[in-house]
Amino acid sequence: IAAKNVYQSIIQKVRQFEKDRIYDDYKDVVGDIVTGTVRRREKGAIVVDLGKAEAIMPKRESIVGEDYAPGERIRCLLLEIDNSPRGPEIILSRASPRFVKRLFELEVTEMTDGSVKIEAMAREAGYRTKIAVSSSDSRIDPVGACVGAGGSRVKSIVRELNGEKIDVIKYSPDPRSLL
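Please read all numbers here as calculations on a predicted model, not as lab measurements.

### Section: the pairing of strand β2 (residues 45-49)
Of all 5 residues that make up β2, 5 are buried, and the element is covered over most of its length. Burial of β2 is two-sided: the residues A45, V47 and D49 facing one way and the residues I46 and V48 facing the other way are all buried. Bridging between strand β1 (residues 33-42) and β2 involves 5 bridges; their strand directions are antiparallel. Along β2, the bridge assignment pairs R40 with V47. The pairing of β2 with strand β3 (residues 54-57) spans 4 bridges and is antiparallel. Bridge pairing links V47 to I56 in β3. Hairpin connection of β2 to β3: 4 residues between the antiparallel strands, including G51 at a positive phi of 105 degrees.

### Some thoughts on the pattern of salt bridges
Considering all chains together, one arrives at 18 salt bridges under this definition. Its salt-bridge partner being E160, residue R75 comes within 3.7 Å of it at the nearest N-O pair. Taken together, the residues span a long stretch of sequence, with R75 in strand β4 (residues 73-84) and E160 in helix α5 (residues 152-160) at a distance of 85 residues. Through salt bridges with shared partners, one network takes in E66, R75, R94 and E160.

### Comments concerning the nonpolar core
Grouped together as the largest cluster of nonpolar side chains are 22 residues, with contacts concentrated most on F104, M111, V133 and I166. Elements with a minimum of two residues in this core: β4, α2 (97-107), β6 (116-124), β7 (128-135), α4 (142-147), α5 and β8 (165-170). No other element matches the 4 residues that α2 contributes to this core. Every residue in contact with I166, bar those within four places of it in the chain, is listed here: F104, T129, I131, V154, I157, V158 and L161. Among the nonpolar cores identified, the runner-up in size contains 17 residues, and I46, A55, I90 and L92 belong to it.

Here is what the cut-offs are and how they apply
- Residues numbered from 1 in each chain as written.
- Predicted model: local features only at pLDDT ≥ 70, side-chain atom pairs only at ≥ 80, totals over all residues.
- Heavy atoms only, no water.
- Buried < 20%, exposed > 50% of the residue type's maximum accessible area, 1.4 Å probe, protein only.
- Helix = DSSP H or I, 4+ residues; strand = E, 2+ residues; numbered from the N terminus.
- Pairing = 2+ DSSP bridges.
- Salt bridge = Lys/Arg side-chain N within 4 Å of Asp/Glu carboxyl O.
- Core = buried A, V, L, I, M, F, W, Y, C linked by side-chain atoms within 4.5 Å.
- Contact = heavy atoms within 4.5 Å.

Below, the structure written as C-alpha cells:
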C-alpha cells in the first residue's frame, strides 16, 4: 500500500510538472499566430494539435463556413491560455480581428519596422474586413505597402482567410472621410 501511494504521488507530480511546462511554453505566445494539425471535432469545437499540446478552437472563434478535416494544417491566433485545475487550456481563434492584424504584421515588413500602422479595423469574420492604415514616413504610401506589388501581400492574406474581402484605406481622423 505504501509503495502504491508513493507511485501515485510521483505520477501526480510528473503530471503537474507537464502541465506547468505547457503553460510556460505557451504563455509568451498569446497573441501570436500558431500552426497546428486538426485532430477532431468535439461538441462543435475543433481540437488542434500544436505539437507539444492540444488546443481548442471554440465554435464562436471559428469562421462560419470553414470546415476542417482531421489531419489538415491550420493557422490560428493563440487567443488565450487558461490555467485550470485540469491543466492549461489553450484557446485558438480565426474569427478575431487580431488574427487579421497579426497576418498583416507578418506579411507587411513596413509594419514590423513601425513606418506603417493599423489605426482602426472592423471585421465581419468570413465576409469582409476593413483596415485604416497610416504612415509615419511621408515617403511611404500606407495603402500601397499593405496591398503590395500587384496585390501580392493582400492576396496571400485573402488566401489564408479563404477569400474574405479585405478593404485597405488611408486613415483620417475625420470619420466622415473614412466612408
